[in-house]
Amino acid sequence: MGRVKKISEVVDILKQKEQIRNIGIIAHVDHGKTTTSDSLLAAAGLLSPSLAGRALALDYLEEEQQRQMTIKAANVSLYYEADGKPYIINLIDTPGHVDFSGRVTRALRAIDGAIVVVDAVEGVMTQTETVIRQALGERVRPVLYINKIDRLVKELRLPPEKIQETLARIVREVNNLVEMYAEPEYREKWKVSFAENTVALGSSKDRWGFTVKQAQQKGIKFSDVIDAFSREDLEWLRQKVPLHEALLEMVISKHPPPHVAQRYRISKIWRGDLESEVGQAMLNCDENGPTVMAVTDVRVDPQAGVVATGRLFSGTITEGDSVILVGRNITGRVQQVGVYMGPARELVGTIPAGNIPAVLGINDVRAGDTLATVETIPFESLKYVSEPVVTIAVEPKYSRDLPKLVEFLNKLTIEDPTLVTVVRPETGEYLISGMGTLHLEIALTWIQKAGLEVVAGKPIILYRETVTTKGREFEGKSPNRHNRIYTRIEPLEPEIVELIRKGELFDEMDRKQVAKILREHGWDAEEARNVWQIDGRGNILVDATKGAQYLHESKMMIIGGWQRVMQEGPLAAENMRGVKAVLTQVELHEDPVHRGYAQIAPATWRSLYASVLSASPVLLEPVLKIEAKVSAEFMGAVTSTITSKRGRVLDVKQAEYVTVVVGEIPASETFDLSEAMRSATMGKAFWATEFSQWRPVPATLRDKVIQEIRKRKGLPLEVPTISQFVEEE
Ligand code: GDP
């Protein structure tokens, strides 16, 4: 165990950029990401002497503990010596499953290389494709690790030629993806092959593995592996070809160190000016430049408080530094700076560019923030928008736990910004909203683990409202009838909604940039220039008035009226999405006394509600994508379960040893999906869902769903009509 190191020794290595690697492990669910991380940590995890002492006492390396650690740590650092030189490899946690929240991209931005883990039996699966595509999209170089070779030998009892064929096929499939998704200059360079030692094979469970080069160096052939299995002597394999050696040698020789990677990656992952001081400093991974750190993860540590972990692209971060949360008008003081040794944080005071520091003491920081010493372009708009689709009400079992619950819900949203919590003690509402029923189940487990007993209500689906045609222009009068606001509504182009969702178009953005993006997407220059507000749910308000008087003073009130409509659409008071509202004309009273908020906001929403109602409004429901893996005999059972739930089967892939059914199901039909799948397949199906898209509720169900929501919310059951908002001529 050469991994116990003094903190000062580690800090010395972290100053040598060529001895650092920042990597991640990416895989289809169940292909072995966790097991592989664990085996790397067990064999090469760094330990500080103090921790090592404690660790032994606590039996720190116990399997169970290790698992807990890997799951918990935002970063795990490994130590490995290659050709007598010490290296620190930061293994940054990439989210286990693909979600649509930006977390995956964020983690990928922090790494320069990825180990793609593929299950030898299942081969390349849909999420393998997704993660490879996403990694290449961030210019992260892949190497391949084919895991679970034991299954080919023991379970399937394949003869050596068959095994070779299987491996060759997986390599080919991965390279097809590189061919398809890499940019031209990396298409050939980043293909993987046994000959180039960019492919390893092995078993994470048994912790052995090798590349061709290592096999040659150690004089081991594949037949030796098969022999070891027939002798049941895995220990021999583990000793002869330990997995961490195979993987870490690949990483060190094939994945670039930070200063090399940043030369070609910054232009891809950052949208600022490369010629600027900040741009140059990042390109050069310059520790003397301005500090710029992309925060990938924020946790609340019971002892230490808010801990932000991320990639330091330039500058040096030091205790006492004052930093800006870019684009958010917040500054903070760095209280402590730590580095990861294994899964634990050790305080070091200062850390130079190219590394993964843990920064303590900045309470407002959120995952996705850019920390910097100068105002600059952030890595992502922090306003990346999560679109929660289910919500659940929770209540503490004992009212004395209330303050603890409120505090915990707060912590939950800091750690997982895709969870939205609403706390309204005055109405007794504690709502948690997330991406799907599973997401909420996980949140509830966390609450339980924190020792809080809660009673949870039934999950409620969150719908959206949108318009499908252009609406008419309507005049909205203020309650005092002294002000008139004219607006019209139309559908917002889907690609613009998508830009907003991805956080590439957001309200805090410079209006010139907004105008440029909108023009590039076909907007009229005049309208593009006059965007008043962008709503993260995917709506835009445009001012098309000409020379209107008092407009400036009333702007915030008009925006307020518009926000209410976007928050609560006319059909079911659900959020609106994909709506462009145009303010066409205003007639405002000259005396400010007669045009306060209570006048202008209602005039605005009356006009807007009327126009929405004239624009063929529809209710949208969240539809989830489902992917189920079964043996061929249960394929029929799975497809009929999907179709029985208003779902559709999109694709059935007959992989060599499993059948993969891909389909979609409206979220509202998924509450008892677990039971339905279990009984249909005798518990033999592995499946997962994720959000796919918003789709109109079918006409046959629409009225019923709207009525149900209105009833639940205590609204009049009838959907309002245009004449309730405006006087129709
Ligand atoms: P993840 O979802 O990608 O993190 O996958 P896990 O690491 O949790 O592994 C999924 C399952 O595959 C677990 O039951 C592991 O025990 C199992 N597994 C991992 N590596 C191997 C291996 O080398 N051989 C076999 N047979 N099973 C493995």
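Look above for the structure.
The rules behind these values
- Residues numbered from 1 in each chain as written.
- Predicted model: local features only at pLDDT ≥ 70, side-chain atom pairs only at ≥ 80, totals over all residues.
- Heavy atoms only, no water.
- Helix = DSSP H or I, 4+ residues; strand = E, 2+ residues; numbered from the N terminus.
- Rg over C-alpha atoms; globule rule 2.2 N^0.38 Å.
- Contact = heavy atoms within 4.5 Å.
- Areas by Shrake-Rupley, 256 points an atom, 1.4 Å probe, with all protein chains shown as cover.
- Lys, Arg positive; Asp, Glu negative; His and termini not counted.
- Charge placed at Lys NZ, Arg CZ, Asp CG, Glu CD.
- Near = heavy atom within 4 Å.
- Polar contact = N/O pair within 3.5 Å; in protein donor to acceptor, adjacent residues only side chain to side chain.
- Pairing = 2+ DSSP bridges.
- Axes fitted to C-alpha atoms, helices over the stretch in contact; angles between N-to-C directions.
- Expected span 1.5 Å × (residues − 1).
- Buried < 20%, exposed > 50% of the residue type's maximum accessible area, 1.4 Å probe, protein only.
- Core = buried A, V, L, I, M, F, W, Y, C linked by side-chain atoms within 4.5 Å.
- Phe/Tyr/Trp six-rings, centres within 6.5 Å; stacked < 30°, edge-to-face > 60°.
- Parallel < 35°, antiparallel > 145°, perpendicular 65-115°, else oblique.
- Left-handed = near helix turned anticlockwise from the far one by under 90°.
- Nonpolar A, V, L, I, M, F, W, Y, C, P; charged D, E, K, R; others polar.
- Arc of directions from axis to C-beta.

## Points about the overall build of the chain
- On a plain count of helices and strands, the chain comes out with 25 helices and 33 strands.
- Its C-alpha atoms give the chain a radius of gyration of 28 Å, near enough to 27 Å, the size a compact globule of 729 residues would have.
- Reported as C-alpha extents along the three principal axes, the dimensions of the chain are approximately 90 × 60 × 60 Å.
- Sequence separation of 24 or more characterises 74% of the internal contacts of the chain that already satisfy a separation of 6 or more.
- Of the roughly 31100 Å² that the chain leaves accessible, carbon and sulfur atoms contribute 50%.
- The distance from the centre of the 91 positive side-chain charges to the centre of the 99 negative ones in the chain is 1 Å.

## Looking at the environment of Val586
- Relative to the assigned elements, Val586 resides in strand S29 (residues 579-587).
- Distance in space between the C-alpha atoms of Val586 and Arg157 is 78 Å, their sequence separation being 429 residues.
- Those residues within four positions of Val586 in sequence are excluded, and the remaining contacts are Arg484, Ile485, Tyr486, Thr545, Ala548, Leu551 and Ile558.

## As for the site of the ligand
- Around the ligand there are 16 residues in total, and Asp30, Lys33, Thr34, Thr35 and Ser203 lie nearest to it.
- In the model, an oxygen atom of the ligand is placed 2.3 Å from a nitrogen or oxygen of the Thr34 side chain.
- In this structure, an oxygen atom belonging to the ligand sits 3.0 Å away from a main-chain N or O atom of Ser204.
- Across the complex, the protein chains shield 74% of the 570 Å² of accessible surface that the ligand would expose by itself.
- Of all the secondary-structure elements, those providing two or more residues to the shell around the ligand are helix H2 (33-44) and helix H7 (149-155).

## Digging into the sheet that holds strand S17 (residues 370-372)
- Spatial strand order, S12-S11-S17-S8-S9-S16-S13-S14: eight strands in an open sheet with antiparallel pairing. A strand with exactly one partner marks an edge of an open sheet, and here the two such strands are strand S12 (330-333) and strand S14 (344-347). Strand-to-strand, the axes of this sheet are offset by a mean angle of 40°, without reference to chain direction.
- Pairing of strand S11 (residues 322-325) with S12 involves four bridges; the strand directions are antiparallel. Counted as the bridge partner of Ser322 is Arg333 from S12.

## Regarding helix H22 (residues 597-613)
- The first and last C-alpha atoms of H22 sit 24 Å apart over 17 residues, in line with the 24 Å expected at 1.5 Å per residue.
- A large share of H22 lies buried, amounting to 14 of its 17 residues.

## Details of the nonpolar core
- Counting 46 residues, the largest nonpolar core has Leu144, Ile146, Ile149, Leu152, Trp208 and Leu237 as its most contacted members.
- For this core, the element with the highest residue contribution is helix H8 (residues 160-181), accounting for seven residues.
- Excluding anything up to four places from it in sequence, Ile149 contacts Ala120, Leu167, Leu201, Gly202, Trp208 and Phe222.

## So, the packing of aromatic side chains
- Counted by the stated rule, this structure contains eight aromatic pairs.
- Taking the centre distance of 4.9 Å and the plane angle of 25° together, the rings of Phe313 and Phe379 count as stacked. Within this pair, whereas Phe313 is found in strand S9 (residues 305-314), its partner Phe379 is found in the loop between S17 and strand S18 (390-396), the two being separated by 66 residues in sequence. As far as burial versus exposure is concerned, Phe313 and Phe379 are alike and both buried.

## Some remarks on the side chain of Thr421
- Relative to the helices and strands, Thr421 is located in strand S19 (residues 420-424).
- Contact partners of Thr421, with chain neighbours within four places excluded, come to Leu409, Thr413, Leu431 and Ile432.

## A closer look at the sheet that holds strand S26 (residues 531-535)
- Read from one edge to the other, the open sheet built from five strands follows the order S24-S25-S29-S27-S26, with strand pairing classed as mixed. In this open sheet, the two edge strands, each paired with only one partner strand, are strand S24 (474-477) and S26. Strand-to-strand twist of the sheet, defined as the mean angle between neighbouring strand axes without regard to direction, takes the value 25°.
- Relative to strand S25 (residues 484-491), S24 runs antiparallel, the two sharing four bridges. Of the residues in S25, the one forming a bridge with Gly476 is Ile485.
- Strands S24, S25 and S29 of the sheet are contacted by H22, whose axis makes an angle of about 35° with S25.

## Quick word on the packing of helix H23 (residues 635-644) against helix H24 (residues 673-681)
- Two elements in contact, H23 and H24, have axes separated by 9 Å at closest approach and are oriented at 150°. Between H23 and H24, the crossing angle belongs to the class labelled roughly antiparallel. In this structure, H23 meets H24 at a crossing whose hand is right-handed. On H24, the residues touching Ala637, Val638 and Thr641 of H23 are Leu673, Ala676, Met677, Ala680 and Thr681.
- Here the contact of H23 with H24 is built from residues that sort into six nonpolar, two polar and no charged.

## Observations regarding helix H11 (residues 222-231)
- Along H11, the residues that are buried comprise Asp224, Val225, Ala228 and Phe229. Each buried residue of H11 sits inside an arc of 140° when the element is viewed along its axis, so together they form one side.
- Two residues or fewer after H11 comes Glu232, characterised by a positive phi angle close to 55°.

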